[in-house]
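Structural features, examined
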Amino acid sequence: MHNSTRENYTGLVAEITPEKLYLNRRQFMKAAGLALGGAFLAACAPQPASTPTVLPTVLPTKSLAASPSSTPGAVKRLPATSKTADEYGDPLTPVETTTNYNNYYEFTYSKDNVNQAASAFHASPWTVEVSGLVNQPKTYTMDDILKKFAQEDRIYRLRCVEDWSMVIPWQGFSLSRILAEVQPTSAARYMSFTSVLRPDEMPGQKSSTFSWPYQEGLRMDEAMHDLTILATGIYGQPLPVQDGAPIRLVVPWKYGFKSIKAVAKIELVADQPATFWSSAAPDEYGFYSNVNPNRPHPRWSQASEQRLGEDHLRPTLLFNGYADEVAALYAGMDLIKNY
Ligand SMILES: Nc1nc2c(c(=O)[nH]1)N[C@H]1C(S)=C(S)[C@@H](COP(=O)(O)O)O[C@H]1N2
Ligand SMILES: [Mo]
């Protein structure tokens, strides 16, 4: 077992800088260079108007007129029909960047060689167990999941707590659809998500620096929110290993680490569950971890972010730009204390 005392963790920071602030130069140059190539490709891609009707990217039609004060004046929302941009009009991050710039500590602390470090990993066969405080516990194969739940396109911003972000086109389905099947009991107040534990396939799990397997959690209303999805694909392809194959959570208004990869178990529970990062460093990473520019990380500001491929920082938006959709979940809560 690793020791998660503050002293120990602080010592670790210098060594492996988990969730560090700045991209190292090599990674940044690489991401920027790849993004440039992608921008050229995107410019050649069909324009939204000429593409067949696609599912709404995110939703915001209802919020177009609503609460202008919740978004900076410079930001304009577009109709939610574009396939090449998010609802703010910002272009998709090129697939070369999204699949070569990853955080996946089960394999490596490095961002740009996850795929190599994952060569022993088997994403198939796979099952997802849904259990705990439910009337109908179920274990799904990936086949079951793909057959039962129609996959939708969802273009979401992903904002890492480290201060970089991307715009990613996911394919997946609302987690609430699984909840409707398993029927949570009235005692269920939280959901706990667990990744696989396979030290033979995941070399990072041989290290006792962290407490494996990776775990995450949501409050029930957060889990039920339509924005919360289980993703099985990106850019129209099955999820690559480095992005969480074969199935991962995506919660777009929270820091990226809440979006747990390679989910094997979902449990409905009564009490707030432990999570990987809040166990490692409780002062730095809380249970909620909503994107919040007003609540600095103890070691860096969260007011701005580097959108990969851009040459300037941009302001970070409250709830990662999804305030109109999710702020009501936290009405009356102190978002600085409940970080
Ligand atoms: N199992 C697992 N899930 C994980 C992580 C991880 O190390 N292990 N990293 C998290 C972090 S810190 C981020 S920012 C996102 C990155 O997702 P991406 O690599 O698909 O962009 O995955 C999250 N999910
Ligand atoms: Mo992250």
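Calculation notes
Every chain is numbered on its own, with residues counted from 1 as its sequence reads. Ligands are numbered from 1 and chains lettered from A, in the order in which they are written. With the structure being a predicted model, the display of local features is reserved for residues of pLDDT at least 70 and the display and counting of side-chain atom pairs for 80 or more, all residues being used for whole-chain, interface and lining totals. Hydrogens are left out, water is left out, and the side-chain values use all remaining heavy atoms of the structure. Between any two strands, pairing holds if DSSP finds at least two bridges. Here a strand is any run of E in DSSP of at least two residues, a helix any run of H or I of at least four, and the numbering for each starts at the N terminus. Between Lys or Arg on one side and Asp or Glu on the other, a salt bridge is scored when a side-chain nitrogen of the former is within 4 Å of a carboxyl oxygen of the latter. For each residue, the accessible area found with a 1.4 Å probe, counting protein chains only, is set against the maximum for its type, and the residue is called buried under 20%, exposed over 50%, and partly exposed in between. An axis is simply a line fitted to the C-alpha atoms; with a helix, the fit covers only the stretch in contact. Between two such axes, the angle follows the N-to-C directions and lies from 0 to 180 degrees. Here a residue-residue contact requires only that any non-hydrogen atoms of the pair lie within 4.5 Å. Remark: nonpolar core denotes a set of buried residues (Ala, Val, Leu, Ile, Met, Phe, Trp, Tyr, Cys) joined through side-chain atoms within 4.5 Å. Within a predicted model, pLDDT stands for the predictor's per-residue confidence, ranging from 0 to 100.

The subject of this paragraph is the pairing of strand β1 (residues 127-132). Where β1 meets strand β2 (residues 138-141), 4 bridges bridge the pair, whose relative direction is antiparallel. Paired with V128 across the strands is Y140, a residue of β2. Linking β1 back to β2 in an antiparallel pair, the connection comprises 5 residues. Bridge count between β1 and strand β10 (residues 263-269): 4 bridges; the pairing is parallel. From the neighbouring strand, E129 faces β10, where its bridge partner is K265.

Note that side chains of opposite charge can pair when their charged atoms are close. Enumeration over the complete set of coordinates arrives at 19 salt bridges. Residue E222 pairs with K254 through a salt bridge whose shortest N-O separation is 2.8 Å. Taken together, the residues span a long stretch of sequence, with E222 in helix α7 (residues 220-224) and K254 in the loop between β9 (248-250) and β10 at a distance of 32 residues. We classify E222 as buried; its relative accessible area is 0%.

A few words on the sheet that holds β1. On the basis of which strands lie adjacent, the open sheet formed by 5 strands has the order β2-β1-β10-β5-β6 and mixed pairing. In the strand order of this sheet, the two ends are held by β2 and β6 (215-219), each with one partner. The average undirected angle you get between the axes of adjacent strands in this sheet is 15 degrees. Lying over the sheet, helix α6 (residues 175-182) contacts β1, β2, β5 (190-195) and β10, oriented at roughly 135 degrees with respect to β2.

With that settled, consider the nonpolar core. Counting residues in each nonpolar core, the largest one holds 78 residues, and the members touching the most others are F121, W126, W170, M191, W253, I266 and W277. With residues up to four places along the chain from it excluded, the contact list for I266 reads V128, E129, V130, S131, L175, M191, S192, F193 and L230.

Our focus in this paragraph is the confidence of the model for the protein chain. Residue-level pLDDT values for the protein chain average 82, and 76% of them are 70 or greater. Counting contacts from residues 1-81, a segment whose pLDDT is below 50, to residues more than four positions away or on other chains yields 128 contacts.

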